[in-house]
Amino acid sequence: MAHTAMSGYGTTAGDDPLQTAVWRLRSRACWADAAALLEPRTASAALQRASLLGERCLYTEQGWAEAEDALRTAEALAQSDDERGAAACERGQLAYASTLLAVRDRADEARAALGRAAALIAPGAPGRALLDFRRGLLAENLAHSPQSARAAYRRAHAGATAQDDPLLLSFTWRHLAGLALREGELVEARHGFGESLRIREELGYLVGTAPALASLADAETEPEASRLRAEAGRLFRLLGGVPTWLADQLAPPAATA
């Protein structure tokens, strides 16, 4: 996620032109190009650069060494509790991605880093909603505790709403909807997935639109489900097969004998 200290996310009029350029590249899966625009001379710029390169790892399963280097730079420049907390939050996310994608099991590191972030980032601080969301990811996908995940996602959702962070809201809507779908709450799931898709389309978050379409398809009936999957597949191919983990979800069902 972009950091608010960098003059906005680049998603609204009046944002810093640098942030607008970073956002356009990031949203089109050009994380390395976006990171190259940022000079890691301040903690804020270094954190944003580490975040971009960490996101590239999650979406492409590549670039781990560069993300680790960027993260170490951000950790070295961090001085305030908020900055140290944000760096710990990024370390937790990178370790989570490595574990989730079966690159290397870093679950203990992810838990420790996010715990450290929670001790440093005060409730209500700008970085708290993102931290809550990431703790929800850990609870859902590594601890397999949907109840804990839902509570964390709801805290993140409330924080993102209070801070007017639409991109984070698109993530909290999607993951709350995913939990609803798992429990067979189709109306709630469709609503959440639909809100996530709407926000991402409005923001022009192209790299996140295919996953949002595919998730909504999982909650829809035919022929709408097939239409949504086809559109997701078109965007997935347009971006060169990113995010990589979407390939299995978009694969046609195996033929039955």
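Residues numbered from 1 in each chain as written. Predicted model: local features only at pLDDT ≥ 70, side-chain atom pairs only at ≥ 80, totals over all residues. Heavy atoms only, no water.

We now examine helix α6 (residues 107-120). Each α-helix winds once per 3.6 residues, and so residues spaced three or four apart point in a common direction. For α6, spanning 14 residues, the distance from its first C-alpha to its last is 20 Å, which sits close to the expected 20 Å at 1.5 Å a residue. Within the span of α6, buried status applies to Ala107, Ala110, Ala113, Leu114, Ala117 and Ala118. Buried residues along α6 cover an arc of 140° about the axis, so they all sit on one side. Opposite the packed face of α6, turned more than 90 degrees from it, sit the exposed residues Asp108 and Ala119. Tucked into the core, α6 has its buried residues touching α5 (81-100) and α7 (128-141). (Helix = DSSP H or I, 4+ residues; strand = E, 2+ residues; numbered from the N terminus. Expected span 1.5 Å × (residues − 1). Buried < 20%, exposed > 50% of the residue type's maximum accessible area, 1.4 Å probe, protein only. Arc of directions from axis to C-beta. Contact = heavy atoms within 4.5 Å.)

A few words on the state of the cysteines. Counted under the stated rule, the structure contains zero disulfides. Cys89 provides the cysteine sulfur closest to Cys57, a residue in no disulfide bond, and the two sulfurs are 15 Å apart. Residue classification places Cys57 among the buried residues on the basis of a relative accessible area of 0%. (Disulfide = S-S within 2.5 Å.)

This brings us to the pattern of salt bridges. Close approach of charged atoms allows side chains of opposite charge to pair. Within this structure, the stated rule accounts for 22 salt bridges. Across the pair Glu109 and Arg91 runs a salt bridge whose closest N-O atoms are separated by 3.0 Å. With Glu109 in helix α6 and Arg91 in helix α5, the pair connects residues that are 18 residues apart, well separated along the chain. Across the salt bridge formed by Arg198 and Glu195, the nearest N and O atoms sit 2.8 Å from each other. Residue Arg198 and its partner Glu195 are both found in helix α10 (residues 186-203); the two are separated by three residues, about one turn of the helix. When salt bridges with common partners are traced through the structure, they connect Glu68, Asp69, Arg72, Glu75, Arg91, Arg106 and Glu109 into a single cluster. (Salt bridge = Lys/Arg side-chain N within 4 Å of Asp/Glu carboxyl O.)

Attention shifts here to unusual backbone geometry. Glu222 connects to Pro223 through a cis peptide bond whose omega is 5°. Relative to the elements of secondary structure, Pro223 occurs in the loop between α11 (206-219) and α12 (224-238). The amide bond that connects Val242 to the next residue, Pro243, takes the cis arrangement and shows omega of -5°. Note on placement: Pro243 falls in the loop between α12 and α13 (246-250). Not every positive phi belongs to a glycine, and His144 is a case in point at roughly 55°. Along the chain, the position of His144 falls in the loop between α7 and α8 (146-162). Here His144 falls in the exposed class, since its relative accessible area comes to 60%.

In contact at an axis separation of 9 Å, helix α4 (residues 64-77) and α5 are set at 160° when each is read in the N-to-C sense. Viewed along their axes, α4 and α5 adopt a mutual orientation that is roughly antiparallel. Considering only the axes of α4 and α5, their crossing is left-handed. For the pair formed by α4 and α5, the contact residues are Trp64, Ala67, Glu68, Leu71, Arg72, Glu75 and Leu77 on the first element and Glu83, Ala87, Glu90, Arg91, Leu94, Ala97 and Ser98 on the second. Of the residues belonging to the contact of α4 with α5, the class tally is seven nonpolar, one polar and six charged. (Axes fitted to C-alpha atoms, helices over the stretch in contact; angles between N-to-C directions. Parallel < 35°, antiparallel > 145°, perpendicular 65-115°, else oblique. Left-handed = near helix turned anticlockwise from the far one by under 90°. Nonpolar A, V, L, I, M, F, W, Y, C, P; charged D, E, K, R; others polar.)

Evaluation of the coordinates by the stated rule reveals six aromatic pairs. Judged by centre distance (5.5 Å) and plane angle (25°), the rings of Trp23 and Tyr205 are stacked. Of this pair, Trp23 sits in helix α1 (residues 17-27) while Tyr205 is found in the loop between α10 and α11, placing the two residues 182 residues apart along the sequence. Taken together, the ring pairs connect Trp23, Phe133, Tyr153, Phe171 and Tyr205 into an aromatic cluster. (Phe/Tyr/Trp six-rings, centres within 6.5 Å; stacked < 30°, edge-to-face > 60°.)

What follows concerns the confidence of the model for the chain. Across the chain, the average pLDDT comes to 92, with 92% of residues at 70 or higher. Residue range residues 1-8 is modelled with pLDDT below 50. Its contacts to residues more than four positions away, or to other chains, number 32 contacts. (pLDDT = per-residue confidence, 0-100.)

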